[in-house]
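# Architecture at a glance
These are the residues of each chain, in order.
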Amino acid sequence: MDVLQLQKQFIDYKTSLYHEGFLDEQFTQLQELQDENNPDFVVEVVSLFFEDSERLLNELTKALEHQSIDFKRVDAHVHQWKGSSSSIGAQRVQKVCIAFRNDCEEQNVEGCLKCLQQVKHEYSLVKTKLETMFQLEQQILTAGGSIPV
Amino acid sequence: MESCNCIEPQWPADELLMKYQYISDFFIALAYFSIPLELIYFVKKSALFPYRWVLVQFGAFIVLCGATHLISLWTFTMHSRTVAVVMTTAKVLTAVVSCATALMLVHIIPDLLSVKTRELILKNKAAELDREMGLIRTQEETGRHVRMLTHEIRSTLDRHTILQTTLVELGRTLALEECALWMPTRTGLELQLSYTLRQQNPVGYTVPIHLPVINQVFSSSRAVKISPNCPVARLRPAGKYIPGEVVAIRVPLLHLSNFQINDWPELSTKRYALMVLMLPSDSARQWHVHELELVEVVADQVAVALSHAAILEESMRARDLLMEQNGALDLARREAETAIRARNDFLAVMNHEMRTPMHAIIALSSLLQETELTPEQRLMVEMILKSSNLLATLINDVLDLSRLEDGSLQLDLGTFNLYAVFREVLNLIKPIAAVKKLHVSLNLAPDLPEYAIGDEKRLMQTILNVVGNAVKFSKEGSISITAFVAKSESLGDSQVPEFYPVPSDNHFYLRVQVKDSGSGISPQDIPKLFTKFAQTQSTASRNSGGYGLGLAICKRFVNLMKGHIWIESEGLGKGCTAVFVVKLGIPERLNELKLPFMPKVSTNPGQTAFAGLKVLVMDENGVSRMVTKGLLVHLGCDVTMVSSSDECLCVVSHEHKVVLMDVCALGMDGHEIAVRIREKFTKRHERPIIVALTGNTDKVTKENCMRFGMDGVILKPVSLDKMRSVLSDLLEHRVLFEAI
């Protein structure tokens, strides 16, 4: 495929991500921070996010498996996740985290479990999407073009 | 027979007589001898007899008389010369003594008699003193009764108890048969029997107040004797009793306003109660003066006690009322607080939630505008943009208004070009005015300073709003905008008599008048103009839209700028003039002006502004830590990252100029760290600026941060521009109050 087409595909894809609410303007901000001094800033941050999220997901799953759930701990984890997701602009994940926190406050076990499933789902979605986007970027670069902003 | 010198009594047949004489003489002598002995004996017994010398004389007299009679015993028979001599001597002595005694007695007997009279006098005196003492005792007892009564009366503040006690005690002290109290009714035309001692009568019995006997009692301040047959005294069943004497006395019912401590009130109050006291029937008792005095004193005391009771009742009632009102106010306050809290919560949520989608809509619509579109699509997109801009403005206005009312809005003061503001307004309004074929003219006074210190954005908003209204409500004609410096004389407006602007060296008052020749406003609608959401009913303005907030917001802005805004109109169809005056500062030196002209956001990446600025970032969350670091690195700062409070305290040094710490995860700990950092650096210029990063927009978080010594608060998410402007503000002022 030629560069222009790749670029168009990339723009469309990115726009759809915004459109569907996977990303919000915070992500745009992140991209602005990337410059020649910091060329891989976005990728680094997103990778860190993925690592963090995996860890938090494990912790949450373990915590919610107990007979007597320690809601404070769960809340702390969700809070962390919310912070991370809002820092990179993963809007949908953030929204689910907010709902998750409410359930924790109300100590609603069922709600928590449901939210856990939801957040897992959202996270995997956004992960896939971001990975696809990065792949597209790589393709453009290999084809010799520059990433459109 | 020899002749003898003695007389020889014959012993004839009178021998019997002789014998009797003999015996009598003997007894006389005996008696005469024993009398002095008795006298001596009894006088010795009594110590008081003053006339001893007389006694001795008298004794001698008697003894000698006795001796004479004794010696005469021997003269009945033949006796010798010796006996005769002795007899003679005795007689002579007796004669002497008796004469002396007789002479003495002449002196003594009157004395003795006078003693008797003196004794009588003394006895009388003693009787009199006894009587007087009896009287004094009675009086003292009465006094004691009065004191006791007064004590009883004054020991309670309950009206009923006071009156009842009075009657009981009076009855007891004076041993009355009946004692009654008549109180005036509400209408003041009758006296009602309120209290009696024996309660033989039905309470509630009334008597008209204007009886002559009652008037007589009321007009005198003393106790007055009245007839037992008058209506107030007819309290016992009439019968065969002879009723005892009756006395009545008035009891003034004092109004509080009449009561003065040091002088008893005069007869300014006309309300009296009547106290009637009856002595027991069939006793011969009469009213004594001291008893009447007692009654008068008691009546006065009762009056005082009653007024005290009345004062107490009133103050208790007032206190109860106040407590009730207090409770109601408390409730109202709590309700108001709940309402405010609810509103704030709502606003806090809507704040973010409403703006985000709006922002998305506006951003994407404007992006869309940049793309290839058919004319139809372009039109649609423009409509979307316009409507969403309007909506965004509405949201901002509403949120602004509530912040204005909260008092949390603060003006962004800065130096700006006043002339430029007006020119810009004119430019904005000209196209619309041209469409409506309205002529707009701007007239700036020559003494108006070119530059001023104030909130440029809001001033422009105000002017725009006012001019916009003028354009909106005029179908034809012209609009004239005049601006000049307000002097005190030129403000002879009747609208704002209490507003006297006093220009000083660093401030002046800008006065802007916008006159239009449009539909005008009727005078009764003018006050409602500045009330939010209230619209005038004139049909002409129906189609102009608007939601009624504009002028309300303008008014608040103008008030914040320490000014005043008002509208004058002569009526419908006569156009109207909107005037406002605001206080602006005069910039001191001209070289100060250069700075604010450049927008704070510089076009270059800003690396120069913060080159090498050492910043310490503390955030538990790895991702957001990295993002913040990225922001700062992009701006050219030298960033150190820590992930816990302990690390932060260890690492922080005087090289770090700014410390950014995320507080939402940490809750209170974040604030503690701020305190500890402050403690660590005692010198002010060594201390880094501490800024909190938080996701909470509410005032409480902000206040907490302020309280714990943070120099500023930034709301996440932070954009690059925001971080840039925040840092430059911080470095300039070392403090930042709000960056949301």
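Just so you know, these numbers come straight off a predicted model, no measurement behind them. (Residues numbered from 1 in each chain as written. Chains lettered and ligands numbered in written order. Predicted model: local features only at pLDDT ≥ 70, side-chain atom pairs only at ≥ 80, totals over all residues. Heavy atoms only, no water.)

Running from N to C, helix α2 (residues 25-33) of chain A and helix α12 (residues 622-634) of chain B point in directions that differ by 45°, and their axes come no closer than 9 Å. Classified by the interaxial angle, the pair formed by α2(A) and α12(B) is oblique. Here α2(A) and α12(B) pass one another in a crossing that is left-handed. Between α2(A) and α12(B), the residues in contact are Q26(A), L30(A), E32(A) and L33(A) and V627(B), G630(B), L631(B) and H634(B), respectively. In terms of residue class, the contact of α2(A) with α12(B) is made up of four nonpolar, three polar and one charged. (Axes fitted to C-alpha atoms, helices over the stretch in contact; angles between N-to-C directions. Helix = DSSP H or I, 4+ residues; strand = E, 2+ residues; numbered from the N terminus. Parallel < 35°, antiparallel > 145°, perpendicular 65-115°, else oblique. Left-handed = near helix turned anticlockwise from the far one by under 90°. Contact = heavy atoms within 4.5 Å. Nonpolar A, V, L, I, M, F, W, Y, C, P; charged D, E, K, R; others polar.)

In this section: the sheet that holds strand β2 (residues 190-196) of chain B. Residues and elements named next belong to chain B. Here six strands make up an open sheet; going across it, the order is β3-β2-β1-β6-β5-β4 and the pairing antiparallel. What marks the edges here is a single partner per strand, and that holds for β3 (206-208) and β4 (224-226). On average, each strand axis in the sheet is inclined to that of its neighbour by 30°, with strand direction left out of account. Pairing of β2 with β3 involves three bridges; the strand directions are antiparallel. (Pairing = 2+ DSSP bridges.)

This part is about the sheet that holds strand β15 (residues 638-642) of chain B. Residues and elements named next belong to chain B. With parallel pairing, five strands are arranged side by side in an open sheet as β15-β14-β16-β17-β18. Edge positions in the open sheet fall to β15 and β18 (712-715), since each of these has one partner strand only. Put simply, the sheet's adjacent strands are angled 25° from each other on average, direction ignored. One ladder, built from four bridges, connects strand β17 (residues 689-694) with β18; its direction is parallel. Residue pairing across strands places V691 opposite G712, the latter belonging to β18.

Attention now moves to a nonpolar patch on the surface. Taken together, the side chains of L16(B), Y20(B), Y22(B), I23(B), F26(B), F27(B) and L30(B) make up a nonpolar region of the molecular surface, amounting to roughly 740 Å² of accessible area. Position of Y22(B) among the secondary structure elements: in helix α1 (residues 15-45). (Patch = residues over 30% accessible without salt bridge, like charges linked within 9 Å, V, L, I, M, F, W, Y side chains within 5 Å. Areas by Shrake-Rupley, 256 points an atom, 1.4 Å probe, with all protein chains shown as cover. Salt bridge = Lys/Arg side-chain N within 4 Å of Asp/Glu carboxyl O.)

Moving on, we come to the pairing of strand β6 (residues 272-278) of chain B. All names here are of chain B. Counting buried positions along β6 gives seven out of seven residues, so the element sits mostly inside the fold. Side chains Y272, L274, V276 and M278 project from β6 onto one buried face, and the interleaved A273, M275 and L277 project onto a second face that is buried too. The pairing of strand β1 (residues 178-184) with β6 spans five bridges and is antiparallel. When the bridges of β6 are listed, W182 appears paired with L274. Two elements, strand β5 (residues 246-252) and β6, share seven bridges in a ladder whose sense is antiparallel. Bridging from a neighbouring strand, V247 pairs with L277 of β6. (Buried < 20%, exposed > 50% of the residue type's maximum accessible area, 1.4 Å probe, protein only.)

All names here are of chain B. The share of residues in chain B with pLDDT of 70 or more is 81%, and the mean pLDDT across the chain is 78. Low pLDDT (under 50) marks residues 591-607, which in the prediction has 20 contacts with non-local residues, meaning those over four places away or in another chain. Scoring the predicted complex yields pTM 0.35 and, for the interface, ipTM 0.80. (pLDDT = per-residue confidence, 0-100.)

The next thing to look at is the side chain of T173(B). Residues and elements named next belong to chain B. Take T173: it is sitting in helix α4 (residues 159-174). From its side chain, T173 meets the backbone oxygen of E169 in a polar contact 2.6 Å long. Those residues in contact with T173, other than ones at most four positions away along the chain, are H145, L149 and L294. (Polar contact = N/O pair within 3.5 Å; in protein donor to acceptor, adjacent residues only side chain to side chain.)

Our focus in this paragraph is the interface of chain A and chain B. Contacts between the two partners involve 21 residues from chain A and, on the opposite side, 19 residues from chain B. Each partner contributes to the roughly 1,700 Å² buried at the junction of chain A and chain B, and carbon and sulfur atoms together form 60% of this total. Across the chain A-chain B interface, the total number found is zero salt bridges. Inspection of the region where chain A meets chain B yields two residue pairs in polar contact (both at pLDDT 80 or more). (Buried area = accessible area lost by both parts, 1.4 Å probe.)

Here the focus is the nonpolar core. By size, the foremost hydrophobic cluster in this structure holds 65 residues, and its most contacted members are V74(A), W81(A), F100(A), L130(A), L632(B) and L660(B). Beyond its immediate sequence surroundings of up to four residues, V74(A) is in contact with L60(A), A63(A), L64(A), I69(A), F100(A) and C104(A). Of all hydrophobic cores here, the second largest spans 45 residues; its members include L426(B), V466(B), V512(B) and C576(B). (Core = buried A, V, L, I, M, F, W, Y, C linked by side-chain atoms within 4.5 Å.)

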